[in-house]
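# Coordinates in review
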Amino acid sequence: MRISEAKEQVRPLLTKDRYDHSLRVAETAVVLAERYGVPADKAELAAVWHDHAKYRPKEELKHFIANSSLPQDLLEYHHELWHGPVGALLLEDEYGLKDRDIQNAVHYHTTGRANMTKMEMVIFLADYIEPGRAFPGVQEVREAAGTDLVRACWMAAKNTIHFLTNKQALVYPDTFHAYNDLTRKLTGGL
């Protein structure tokens, strides 16, 4: 699938602001991909598609999770997490995009997971640091992204966990697993 085709298919699924966000994520993903040895064309496609299911009705997302091979525990967490995993499955089912690297990057772009591939880290990070984002700690993560993909992803996961726990919100286990795995990679620990 060409990037121009992906943009045409994604545009009507998103608000203007969310579509613009996806384009910024794509630009950021290309920079990160080139810096860290990930195929830039695949990273750009994953970034354009990463939020395509975000505005599907909550009940539709819930139904899709309940009737799929996705982890059923997703239904116990905030519905904002559902669009990544559902979107990954819809890429193949509705758009014929069968690339597992792209599907996984879309699936885990919000939560991360243990043993993320470089492609998954690039999309996870690009979504977090794209230029339109403005929240405490994002600039430090952007700076780390210039030299260390693992450290920058670790910082993003840590900040996300901190943000959610300060709100007394549930944290999906994959995010804890991502943080722990990235911590081990940084420290050489067990």
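Model, not experiment: these values are computed from the prediction.

With that settled, consider the UniProt feature "domain: HD/PDEase" (unreviewed entry) in the protein chain. Summarizing the sequence annotation, UniProt attributes the feature "domain: HD/PDEase" (unreviewed entry) to residues 14–141 in the numbering used throughout. In residues 14–141, the share of helix is 60% and the share of strand is 0%. The end C-alpha atoms are 27 Å apart.

Here we take up the pattern of salt bridges. Side chains carrying opposite charge are able to pair once their charged atoms draw close together. Applying the stated rule across the entire model yields eleven salt bridges. The shortest N-O distance in the salt bridge between K42 and D101 comes to 2.7 Å. Of this pair, K42 sits in helix α3 (residues 40–49) while D101 sits in helix α6 (residues 100–107), placing them 59 residues apart in sequence. Note that R113 and E120 form a salt bridge whose closest N and O atoms lie 2.7 Å from each other.

A few words now on the nonpolar core. Membership of the largest hydrophobic core comes to 47 residues, with the highest contact counts inside it found for W49, I123 and L125. Excluding its chain neighbours within four sequence positions, the residues that come into contact with W49 are M1, A6, Q9, V10, L91, Y95, L97 and V106. One finds A53, L61, L70 and Y172 within the second-largest nonpolar core, a separate group that totals eleven residues.

How each quantity is defined
- Residues numbered from 1 in each chain as written.
- Predicted model: local features only at pLDDT ≥ 70, side-chain atom pairs only at ≥ 80, totals over all residues.
- Heavy atoms only, no water.
- UniProt positions renumbered as here; feature names shortened; annotations may be inferred.
- Helix = DSSP H or I, 4+ residues; strand = E, 2+ residues; numbered from the N terminus.
- Salt bridge = Lys/Arg side-chain N within 4 Å of Asp/Glu carboxyl O.
- Core = buried A, V, L, I, M, F, W, Y, C linked by side-chain atoms within 4.5 Å.
- Buried < 20%, exposed > 50% of the residue type's maximum accessible area, 1.4 Å probe, protein only.
- Contact = heavy atoms within 4.5 Å.

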